[in-house]
Amino acid sequence: MTPLTLGGSAAQQPRTFPALLDLLESRPQPALIWYGAGEEQERVELSGRVLQNWTIKLIGLFSQESEIEDDDAVLLDAAAHWKATAVLLASGALGWEISLIGPGASQNDDDARAATVSALEPGLIITDRPGDWTGAGALAQLLSDAELAAISPGLLDASFEESTGQRLPAWALDVSAEVRQHPDQLPAPLPPLELPRAASEAEAAGSAGGGLVVVGAATQVNLQDWQVARWGGKDLFAQMLTTWAQSRPVVLFQGDPAAQPEAWDQMMRNEGVR
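Residues numbered from 1 in each chain as written. Predicted model: local features only at pLDDT ≥ 70, side-chain atom pairs only at ≥ 80, totals over all residues. Heavy atoms only, no water.

## A word on the overall build of the protein chain
Across its full length, the protein chain carries nine helices and ten strands. Relative to its full complement of 274 residues, the protein chain shows a buried share of 54%. When contacts within the protein chain are restricted to residue pairs at least 6 apart in sequence, those whose partners lie at least 24 apart make up 69%. (Helix = DSSP H or I, 4+ residues; strand = E, 2+ residues; numbered from the N terminus. Buried < 20%, exposed > 50% of the residue type's maximum accessible area, 1.4 Å probe, protein only. Contact = heavy atoms within 4.5 Å.)

Here it is as C-alpha cells:
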C-alpha cells in the first residue's frame, strides 16, 4: 500500500496553530489513525477535516466550561487514543501548558501520578480514568480545587456513563456529553500561537514519505520510512504537530508491538508503514 499523505508542500507548512487547523480543515485525507489495544483490533480513522472539527468543538467546550487561567497547568491522564490526541491539539491552540501521563508512559502508577500532580498543581485534569480521581482514593485527595474532565473511548458516545457504565460526579465535565453541542466554528479568531518545534524535526523532514507512528508501550521499534514515538514521550506533541504541518499522518497504536506482533504487522500492512 502506498504510504498515506495529506498532500501539500514544505513551502506551505504552517507555523501557528490557526494555520495548522486551516490546513487540516482543507484535507479530506487521513490525518490520524488509531488502533485499539483490544483483541478485535478496533480502527478509527480521522481525516484532517474531522480532526479539525473535533478540535474546534473541544476549544469551544473548554473555553466555555473551564475556568483555567493562562498560568494554570493542565494534566492529561489518558491512554494513547485519538480523542486524547484531539484534546492535546485543542489545548495547544488555547495556549495551555499541558502534561501527559497514562498507561504506557513512564508515569503509569498511582504513586508517580500523585507525584506529578503534587509537582504541577494542575488547575484541570482531563482523564479517561475519572474513577481514579474521585471517591476516597489517594489521587482524589490531591484534586483540591482542580477541575476534572472525563473523556470516553467511543466515537459516538452520548456520555461517559453510556460508554463505560461508570457514573461521573455532577461537578465533573463529561466531554462526550457536552462537546457535540458546540459549533463547528469559533466565535472569535484564535491567537496566532506558534507551533512548538520537535527536536527531531530535521529527521521528520527527511523521511521518505511516511508519517509518525505512536506506540502505547515503551517497546523499541525501528522503521525505515516512518518516525516512531512513545505515548507520553517528551517530544511527542511537538512531533505530532510537525507531522501534520508536513501534511503527513499520525498513526496511534495503543497496544504493545512486542506483545501483539500479529496486530502490529496487520497495522503496518494496512497503513503502508515500513
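## What to know about the packing of aromatic side chains
Aromatic ring pairs: the centre-centre distance and the angle between the two ring planes describe each pair. Inspection of the entire model under this criterion finds four aromatic pairs. Judged by centre distance (5.1 Å) and plane angle (85°), the ring pair of Phe253 and Trp264 falls under edge-to-face. In this pair, Phe253 is assigned in strand 10 (residues 250–253) and Trp264 in helix 9 (residues 261–271), connecting sequence segments eleven residues apart. Trp264 matches Phe253 in its accessibility class, with the two residues each being buried. (Phe/Tyr/Trp six-rings, centres within 6.5 Å; stacked < 30°, edge-to-face > 60°.)

## Description of the pairing of strand 4 (residues 97–101)
Relative to strand 4, strand 3 (residues 73–77) is paired through five bridges, and the arrangement is parallel. Within strand 4, the residue paired with Asp77 across the bridge is Ile101. Read from strand 3 through helix 3 (residues 82–94) to strand 4, the crossover connection turns out right-handed. (Pairing = 2+ DSSP bridges. Right-handed = clockwise from strand over helix to strand, strands pointing away.)

## A short note on a negative patch on the surface
Judged by side-chain charge, Glu67, Glu69, Asp70 and Asp71 come together as a negatively charged surface patch. Following the sequence through the fold, Asp71 ends up in the loop between helix 2 (48–65) and strand 3. (Patch = residues over 30% accessible without salt bridge, like charges linked within 9 Å, V, L, I, M, F, W, Y side chains within 5 Å. Areas by Shrake-Rupley, 256 points an atom, 1.4 Å probe, with all protein chains shown as cover. Salt bridge = Lys/Arg side-chain N within 4 Å of Asp/Glu carboxyl O. Lys, Arg positive; Asp, Glu negative; His and termini not counted. Charge placed at Lys NZ, Arg CZ, Asp CG, Glu CD.)

## Quick notes on the sheet that holds strand 5 (residues 124–127)
With respect to topology, five strands assemble into an open sheet ordered 4-3-5-6-7, the strand pairing being parallel. Looking along the sheet, the strands with just one partner apiece sit at the ends: strand 4 and strand 7 (173–174). Across four bridges, the pairing between strand 3 and strand 5 is parallel. Residue pairing for strand 5: Val74 is matched across the bridge by Leu124. Here helix 3 sits on the sheet in contact with strand 3, strand 4 and strand 5, set at roughly 170° to strand 3. (Axes fitted to C-alpha atoms, helices over the stretch in contact; angles between N-to-C directions.)

## Description of the packing of helix 2 against helix 3
Axis separation between helix 2 and helix 3 bottoms out at 8 Å; the angle between their running directions is 60°. Classed by the angle they form, the pair helix 2 and helix 3 counts as oblique. The hand of the helix 2/helix 3 crossing is right-handed. Side by side, helix 2 and helix 3 meet where Leu51, Trp54, Thr55, Leu58, Ile59, Phe62 and Ser63 of the first sit next to Trp82, Lys83, Ala86, Val87, Leu89, Ala90, Ala93 and Leu94 of the second. (Parallel < 35°, antiparallel > 145°, perpendicular 65-115°, else oblique. Left-handed = near helix turned anticlockwise from the far one by under 90°.)

## What to know about the sheet that holds strand 1 (residues 30–35)
Think of a sheet as strands paired side by side through backbone hydrogen bonds, with each pair either parallel or antiparallel. Read across the open sheet, the five strands follow the order 2-1-10-8-9; overall the sheet is mixed. Each edge of the sheet is formed by a strand with only one pairing partner; in this case those strands are strand 2 (43–47) and strand 9 (227–230). Averaged over all neighbouring strand pairs, the angle between strand axes comes to 15°, with direction disregarded. For strand 8 (residues 212–215) and strand 10, the ladder comprises four bridges, and the chain directions are parallel. Each bridged residue has a counterpart across the sheet, and for Val215 the counterpart in strand 10 is Phe253. Here helix 8 (residues 236–245) sits on the sheet and contacts strand 1, strand 8, strand 9 and strand 10; the angle it forms with strand 8, its principal contact strand, is near 150°.

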